[in-house]
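Structure assessment
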Amino acid sequence: EVIAKDIARGVEAAGGTPVLLAIEPGQTDFAAFFAVAAESDALIFGSPTYMGNVSAPMKAFMDASAAVYFTKQWKDKLAAAFTVSGSPSGDKLNTLTSLAIFAAQHGMLWIGTGQNPGNNDDTSAATDVENRLGSFIGAMAQAANDSAEVTPKAGDRATAASLGARVAGAASRWQAGARETV
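Just so you know, these numbers come straight off a predicted model, no measurement behind them. (Residues numbered from 1 in each chain as written. Predicted model: local features only at pLDDT ≥ 70, side-chain atom pairs only at ≥ 80, totals over all residues. Heavy atoms only, no water.)

**Considerations on the environment of P117**
If you trace the backbone, P117 turns up in the loop between β4 (109-110) and β5 (139-142). Judged by its relative accessible area of 26%, P117 falls in the partly exposed class. Taking the C-alpha atoms as reference points, P117 and E130, separated by 13 residues in sequence, lie 7.9 Å from one another. The contact partners of P117, leaving out residues within four places of it in the chain, are N131, G134 and F136. (Helix = DSSP H or I, 4+ residues; strand = E, 2+ residues; numbered from the N terminus. Buried < 20%, exposed > 50% of the residue type's maximum accessible area, 1.4 Å probe, protein only. Contact = heavy atoms within 4.5 Å.)

**Side note on the side chain of S85**
Secondary-structure assignment places S85 in strand β3 (residues 78-85). By relative accessible area, S85 is classed as buried at 9%. Within polar-contact distance, the side chain of S85 engages the side chain of K92 at 2.8 Å. With residues near it in sequence (within four places) discarded, S85 still touches T49, G90, K92, A141, Q142 and A143. (Polar contact = N/O pair within 3.5 Å; in protein donor to acceptor, adjacent residues only side chain to side chain.)

**Notes on the packing of aromatic side chains**
Here the structure, examined in full by the defined rule, presents 13 aromatic pairs. Between the aromatic rings of F30 and F61, the centroid separation amounts to 5.5 Å while the plane-to-plane angle is 80 degrees, which identifies the pairing as edge-to-face. Of the two residues, F30 sits in the loop between α1 (2-13) and α2 (31-39) while F61 sits in helix α3 (residues 56-64), which places them 31 residues apart along the sequence. Each member of the pair F30 and F61 is classed as buried. A centroid spacing of 6.3 Å and a plane angle of 50 degrees characterise the contact between F45 and F61, whose relative ring orientation is tilted. Taken as a pair, F45 in strand β1 (residues 42-50) and F61 in helix α3 lie far apart in primary sequence, 16 residues in all. With respect to class, F45 is no different from F61; both count as buried. Taken together, the ring pairs in this structure connect F30, F33, F34, F45, F61, W74 and F102 into an aromatic cluster. (Phe/Tyr/Trp six-rings, centres within 6.5 Å; stacked < 30°, edge-to-face > 60°.)

Read these as geometric descriptors, not functional statements.
As structure tokens, then:
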């Protein structure tokens, strides 16, 4: 939730209008989610990394999107993703890869972080550096078993806001280009 709000903050800072949707455990009806997605220029998926992949609620959403898949409703929408786990790696890359493949199956266009790795030497352990976990495919965050007031760390939160701003900026340019070619 903390990282999702940071993504939304970045979207707003870039002039976009974020809509935050939370999947509840056991949820099976995603009609409202699909309705919002149909009206959106971009979708930023988020899931905790659990047992090396997306969480069960996110997987249920992905599976339920088969109905949307067959209509190609999300084709040419922009997509990005973020994930959080307790350890610095925690197999987060696999979660982001799963989400990127999911987006590709829907015909979406993927937006990565666009950032260089933040901690690129053996002496740096800073937690306030953007992209400190070195992800290109999406925003990664580490949330230890501390309270939301101290984790995820500032650098991870800034990375999320940066990704939100990047996606909103790309969506604005994408939509402007679409209007020019009509």
